[in-house]
Amino acid sequence: MNFAVGFKPLAGDTQTMDNLEKQLICPICLEMFSKPVVILPCQHNLCRKCANDIFQSSNPLWQSRGSSTVSSGGRFRCPSCRHEVVLDRHGVYGLQRNLLVENIIDIYKQESSRPLNPKSEQHLMCEEHEDEKINIYCLSCEVPTCSMCKVFGAHKDCEVAPLSSVYKSQKSELSDGIAMLVGGNDRIQAIITQMEEICKSIEDNSRRQKQLLSQRFDSLYNILEERRKELLQMVTRQQEEKLQCVRGLIRQHGDHLEVTSKLVESSIQSMEEPQMAAFLQNAKELIKKITDMSTVSTIERPEPGYENMDHFSVNVDYVSEMLRTIDFQSGSSGEEEVVEAEETETAGEEDQTEPTEGH
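Not measured: the values here are computed from a predicted model.

Caption draft 1: The arrangement of the overall build of the protein in detail. The helix and strand tally for the protein stands at eight helices and 10 strands. Out of the 359 residues in the protein, the part that is buried amounts to 23%. Taking the intrachain contacts of the protein between residues at least 6 apart in sequence as the baseline, contacts between residues at least 24 apart amount to 57%.

Structure, rendered in structure tokens:
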């Protein structure tokens, strides 16, 4: 059904009043602010009842003022800008009243209550019955209509109701729906905030576990490095011992070679002596020295393979395989078992790599 708007003189004044009325409408109940009006920290206004309804839906466990239990306050979000409003233990009653808006509403209602020129009033008029105002609501077709349409027109067989009663019921239903949506939005926002905190906790926990993991591996590196130095020192120690032994034998052989060389030289000089008597005076002593030098047991020599250092080899295959299988353990007890197992294996490795020193 189409509607026509009645005669509207003084459109400028009417438009001004309409604009003013729009500024005095509560975003929750969609009606003019009712006393007392509370002002939020974001400077938006709400009816105290509407603010309390939003607050109660966002804080279902909050105790009312009449309760014997003192609550610590709560929070909700402004329906106009989503700014978070934090309340003290007084709840909505702790918010400041907006006396300026209340005074403006009083003035507006006084101006609106003045009798107007009947010609300046606006009414939706029925297009089918131009002289009839829209004053009833067709429940069957769910459209506003006029009395003539009910009696003679298209809605004569329909069920109708007074326009004011349907207006109030649907406006109340819409207000309840808005409050429910606002409360639902606050709960969703609380869930989003909670999940954002979970994300932050995940990042913090991951960072902490990465640090612990790096510390564990650094500890393994340190153990390997210390053991490497110890084993290298063992090889170096036996290297110096063997070198000292062989060099001592070299000195002994050098001394023996020097003595025999001098004896050979003396013997050759004696062989050149032409006088038999003179030769025989020294020959016996030279022969005895040569015999003694010849019969002296051979100077000690290194055993075959003495230079070999292969007994310092280390088998790290099983350790490498174990390191490749390092994985995360569930629970602290698992971590303690891993640490104990690593210490046991390290001690076993020291026993297996201890060389048998021999000359």
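Caption draft 2: The packing of aromatic side chains, seen in detail. Enumeration according to the criterion identifies two aromatic pairs in this entry. Ring geometry for Phe55 versus Phe76: centroids 6.3 Å apart, planes at 65°, classification edge-to-face. In this pair, Phe55 is assigned in helix α2 (residues 48–58) and Phe76 in strand β4 (residues 75–77), connecting sequence segments 21 residues apart. Like Phe76, Phe55 is buried. Between the NZ or CZ atom of Lys242 and the centre of the ring of Tyr306, over which it lies, the distance is 4.9 Å.

Caption draft 3: Geometry of the nonpolar core. Core analysis: the largest hydrophobic core is formed by 27 residues, its most contacted members being Cys26, Ile28, Leu40, Leu46 and Phe76. Put simply, the parts of the chain that give this core at least two residues each are β2 (37–39), β3 (45–47), α2, α3 (99–112) and α5 (163–271). Among the elements that make up this core, the one with the highest residue count is α2 (four residues). The residues contacting Ile28, other than those within four sequence positions of it, are Leu46, Cys50, Ile54, Pro79, Ser175, Ile178, Ala179 and Val182.

Caption draft 4: A look at the sheet that holds strand β9 (residues 143–145). What the three strands build is an open sheet, ordered β9-β8-β10; its pairing is antiparallel. With one partner strand each, in any of the chains shown, β9 and β10 (160–162) form the two edges of the open sheet. Averaged over all pairs of adjacent strands, the angle between their axes in this sheet comes to 35°, without regard to strand direction. Where strand β8 (residues 136–138) lies against β9, three bridges are found, and the strand directions are antiparallel. Looking across to β9, one finds that Cys138 is bridged to Val143.

Caption draft 5: Structural view of the environment of Leu87. Summarising the element assignment, Leu87 is placed in the loop between β5 (84–86) and β6 (96–97). The buried category is assigned to Leu87, whose relative accessible area is 8%. Distance from Leu87 to Phe76, taken between C-alpha atoms, is 8.4 Å for residues 11 residues apart in sequence.

Caption draft 6: Highlighting the pattern of salt bridges. Following the criterion strictly, the structure yields 12 salt bridges and no others. Residue Arg324 pairs with Glu321 through a salt bridge whose shortest N-O separation is 3.8 Å. Separated by three residues within a single helix, Arg324 and Glu321 lie in helix α7 (residues 317–324), roughly one turn from each other. Connected through shared salt-bridge partners, Lys200, Asp204 and Arg207 make up one network.

So, how was this worked out
Residues numbered from 1 in each chain as written. Predicted model: local features only at pLDDT ≥ 70, side-chain atom pairs only at ≥ 80, totals over all residues. Heavy atoms only, no water. Helix = DSSP H or I, 4+ residues; strand = E, 2+ residues; numbered from the N terminus. Buried < 20%, exposed > 50% of the residue type's maximum accessible area, 1.4 Å probe, protein only. Contact = heavy atoms within 4.5 Å. Phe/Tyr/Trp six-rings, centres within 6.5 Å; stacked < 30°, edge-to-face > 60°. Lys NZ or Arg CZ within 6 Å of the ring centre and 35° of its normal. Core = buried A, V, L, I, M, F, W, Y, C linked by side-chain atoms within 4.5 Å. Pairing = 2+ DSSP bridges. Axes fitted to C-alpha atoms, helices over the stretch in contact; angles between N-to-C directions. Salt bridge = Lys/Arg side-chain N within 4 Å of Asp/Glu carboxyl O.

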